[in-house]
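Coordinate analysis (summary)
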Number of protein chains: 2
Amino acid sequence: VGVTELPGRRRPGGRTARNRAAVVAATLVELARHGYAGLSVENVAERSGVHKTTVYRRWGGVDGLIVDALDAADDDRPVPDTGSLEADLRALAYEVVDTFGDSVRGAVPTAVVHAAFHSERAATALHAFLADRHGRAAGVVARAIARGELSGSVDAAAVVRSVTAPLYFRLFITGETVDREVAGQVVAATLAAVRAGVYRGQARPPLL
Amino acid sequence: VGVTELPGRRRPGGRTARNRAAVVAATLVELARHGYAGLSVENVAERSGVHKTTVYRRWGGVDGLIVDALDAADDDRPVPDTGSLEADLRALAYEVVDTFGDSVRGAVPTAVVHAAFHSERAATALHAFLADRHGRAAGVVARAIARGELSGSVDAAAVVRSVTAPLYFRLFITGETVDREVAGQVVAATLAAVRAGVYRGQARPPLL
């Protein structure tokens, strides 16, 4: 079942918007309590007070609920701007550690990663979410260049991804924990690669 | 349903071993053709000629089939030993790229990563598989130390993980492709971090 309109985007403050807010909130609670495997349209309908057939019609199913919750949770948090590249990258890494270390805040992004394995729609939403996060975080690198900390030719997205990739790898592939110590090592490794010119230009490998 | 014996470990060459070989081969074919979402005990039973109730009894279900296929596929491939750390790490990275770029070879590890999201048993198998791979690949670092390419105090597992993490991140989280160019960048970043002393000692972050 496809979703033919963006849920809740008509008439802000109207019943549609209130229904969306209730459904998103109920999805968050259900995910935080039972995880992706335990999420059902029935439970979200019951918790939100929105009728099951309305939830099915507007959101299409479990994956639609998760994708909309991700969209609603994308809070345009300001990108770190501490005055140093190292501290900014550290703040970005800590944000990943803190998000997934918090069962409530981490519930939606975790569910989207899970859903992306079998749902094209969830995969598209996840990739757009990460592209947006990585794109905004690239401002950290742009400011380091403006301050003269880095030379002008650096693939900013590659730098940001170098910070997040090892954390997601531990969280979602090896099942290891992430903490501030791991985050510190990830930032140190990224800075070493940046300084060695590995992320120079447009993501091309350096000649070794 | 739990599996109470290792399938096929009794009487090598006997019917149990033949059944296991047929079921593992059928699981590989089904995964390569239809992926994890399309794998079913029914299809594996039909393709292998082993009765469905036998498959359920010995393997417990789809996740048991995948875990056993992973176990059977773990072919003790020799760890690269080219005489240089850089070339060895490159060979490790290429192995990941080539495995997941091949729909047949990549089918089982891909399925295990998917299954690990909702199956404790698959997650345990995945983590053991990666720990074994990373542990064996750490020989690459040990030989670099023996040759005098590196000083003695390097967290070998962290070095190997630094090569594989960005590749798995692209494959399973951002849905980007991996190729030899990406592998080359990953190796260059890892070597820069190693040379900067980031992976010194036992996975402790360096003082910056």
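Predicted model only: the values in this text are computed from it and were never measured. (Residues numbered from 1 in each chain as written. Chains lettered and ligands numbered in written order. Predicted model: local features only at pLDDT ≥ 70, side-chain atom pairs only at ≥ 80, totals over all residues. Heavy atoms only, no water.)

All right, on to the overall build of chain A then. Within chain A one finds 10 helices and 0 strands. Per-residue burial for chain A yields a buried fraction of 51% across its 208 residues. Counting only contacts in chain A whose residues sit at least 6 apart along the sequence, the fraction spanning at least 24 positions is 65%. (Helix = DSSP H or I, 4+ residues; strand = E, 2+ residues; numbered from the N terminus. Buried < 20%, exposed > 50% of the residue type's maximum accessible area, 1.4 Å probe, protein only. Contact = heavy atoms within 4.5 Å.)

Okay, the interface of chain A and chain B next. Interfaces are frequently sized by the accessible area removed from exposure as the parts join. Counting residues at the interface gives 36 residues for chain A, matched by 36 residues for chain B. Together, the buried faces of chain A and chain B total about 3200 Å²; carbon and sulfur atoms form 70% of this surface. The interface formed by chain A and chain B contains 2 salt bridges. The salt bridge partner of B:R161 is A:E176, with a shortest N-O separation of 2.4 Å. In this assembly, chain A and chain B are joined by 7 residue pairs in polar contact (both at pLDDT 80 or more). Broken down by element, the side of chain A that touches chain B gets its largest block of residues, 10 residues, from helix α9 (residues 156-174) of chain A. (Buried area = accessible area lost by both parts, 1.4 Å probe. Salt bridge = Lys/Arg side-chain N within 4 Å of Asp/Glu carboxyl O. Polar contact = N/O pair within 3.5 Å; in protein donor to acceptor, adjacent residues only side chain to side chain.)

Another point: helix α5 (residues 85-101) of chain B. Residues and elements named next belong to chain B. With 17 residues, α5 extends 24 Å between its outermost C-alpha atoms, agreeing within 8% with the 24 Å of an ideal straight helix rising 1.5 Å per residue. Of all the positions in α5, only L85, D88, L89, L92, A93, Y94, E95, V96, V97, T99 and F100 are classed as buried. Buried residues along α5 sit in contact with α6 (107-116), α7 (120-137), α8 (139-146), α9 (156-174) and α10 (180-195). (Expected span 1.5 Å × (residues − 1).)

What follows covers the nonpolar core. In terms of nonpolar packing, the biggest core is built from 138 residues, with A:L89 and B:L89 touching the most fellow members. Contact partners of A:L89, with chain neighbours within four places excluded, come to A:V140, A:V159, A:V163, A:V187, A:T190 and A:L191. (Core = buried A, V, L, I, M, F, W, Y, C linked by side-chain atoms within 4.5 Å.)

Next up on the list: the pattern of salt bridges. All names here are of chain A. If you walk through the whole model with that rule in mind, you get 24 salt bridges over all chains. A salt bridge links E30 to R47; the shortest N-O distance between them is 2.7 Å. Remark: R47 occurs in helix α2 (residues 41-48) and E30 occurs in helix α1 (residues 15-34); sequence separation between them is 17 residues. What makes E30 buried here is its relative accessible area of 4%.

Looking now at the layout of surface pockets. Size it by volume and the largest pocket reaches roughly 760 Å³. If you go around the largest pocket, you meet 31 residues; those closest to its centre are A:T110, A:H114, A:F172, B:A116 and B:F117. Secondary-structure elements contributing two or more residues to the lining of the largest pocket are α6 (107-116) and α9 of chain A together with α6 and α7 of chain B. The dominant element in the lining of the largest pocket, judged by the number of residues it contributes, is α6(A), at 4 residues. Taken together, the residues of the lining of the largest pocket break down into 16 nonpolar, 12 polar and 3 charged. (1 Å grid on protein atoms, 1.4 Å probe; cavity = no way out; pocket = protein on both sides within 12 Å on 5 of 7 lines; lining within 4 Å. Points joined across faces, edges and corners; volume = space filled by probe spheres on them. Nonpolar A, V, L, I, M, F, W, Y, C, P; charged D, E, K, R; others polar.)

This part covers empty space enclosed by the protein. Per the counting criterion, the structure on display carries 1 cavity of 30 Å³ or more. The calculated volume of the largest cavity comes to roughly 460 Å³. Around the largest cavity, the lining is made up of 28 residues, and of these A:S162, A:P166, B:S162, B:P166 and B:Y199 lie nearest the centre. Of all the secondary structure elements, the ones that give two or more residues to the lining of the largest cavity are α9 and α10 (180-195) of chain A together with α9 and α10 of chain B.

This brings us to the packing of helix α1 (residues 15-34) of chain B against α6(B). Residues and elements named next belong to chain B. The N-to-C vectors of α1 and α6 enclose an angle of 80°; their axes lie 9 Å apart at closest approach. On the basis of the axis angle, α1 is roughly perpendicular to α6. Contacts between α1 and α6 pair L28, L31 and A32 from the former with A107, V108 and A111 from the latter. (Axes fitted to C-alpha atoms, helices over the stretch in contact; angles between N-to-C directions. Parallel < 35°, antiparallel > 145°, perpendicular 65-115°, else oblique.)

As a further point, take the relation of the copies chain A and chain B. Mapping chain A onto chain B is achieved by rotating through 180° and translating by 0.0 Å along the same axis, at an RMSD of 0.0 Å. Such a turn and shift between the copies fits a two-fold axis. Most of the interface of chain A is mirrored in chain B, where 100% of its interface residues again form contacts. (Least-squares fit on C-alpha atoms with pLDDT ≥ 70 in both.)

The next thing to look at is the side chain of A:R170. Tracing the backbone through its elements, the reader meets A:R170 in helix α9. Of the residues examined, A:R170 reaches a relative accessible area of 12% and is grouped as buried.

Time to look at the environment of B:S119. Residue and element names in this part refer to chain B. Summarising the element assignment, S119 is placed in the loop between α6 and α7. Judged by relative accessible area, which is 8%, S119 ranks as buried. Sequence separation of S119 and T82 is 37 residues, and the distance between their C-alpha atoms is 38 Å. Here the side chain of S119 touches A122 through a polar contact of 3.0 Å, landing on its backbone nitrogen.

The subject of this paragraph is the confidence of the model for chain A. All names here are of chain A. Per-residue pLDDT for chain A has a mean of 87; in total, 89% of the residues score no lower than 70. When the criterion is pLDDT under 50, residues 203-208 qualifies, and its contacts beyond four places in sequence or with other chains add up to 15 contacts. Reported confidence for the predicted complex is 0.85 by ipTM and 0.85 by pTM. (pLDDT = per-residue confidence, 0-100.)

Glancing now at the packing of aromatic side chains. Residue and element names in this part refer to chain A. According to the stated counting rule, one finds 11 aromatic pairs over all chains in the structure shown. Taking 5.9 Å as the distance between ring centres and 25° as the angle between the ring planes, the aromatic pair formed by Y168 and F172 counts as stacked. Of this pair, Y168 and F172 both sit in helix α9, separated by 4 residues, roughly a single helical turn. A relative accessible area of 7% places Y168 in the buried class. With relative accessibility at 9%, the residue F172 sits in the buried group. A cation sits over an aromatic face here: R180 above Y94, 3.9 Å from the ring centre. (Phe/Tyr/Trp six-rings, centres within 6.5 Å; stacked < 30°, edge-to-face > 60°. Lys NZ or Arg CZ within 6 Å of the ring centre and 35° of its normal.)

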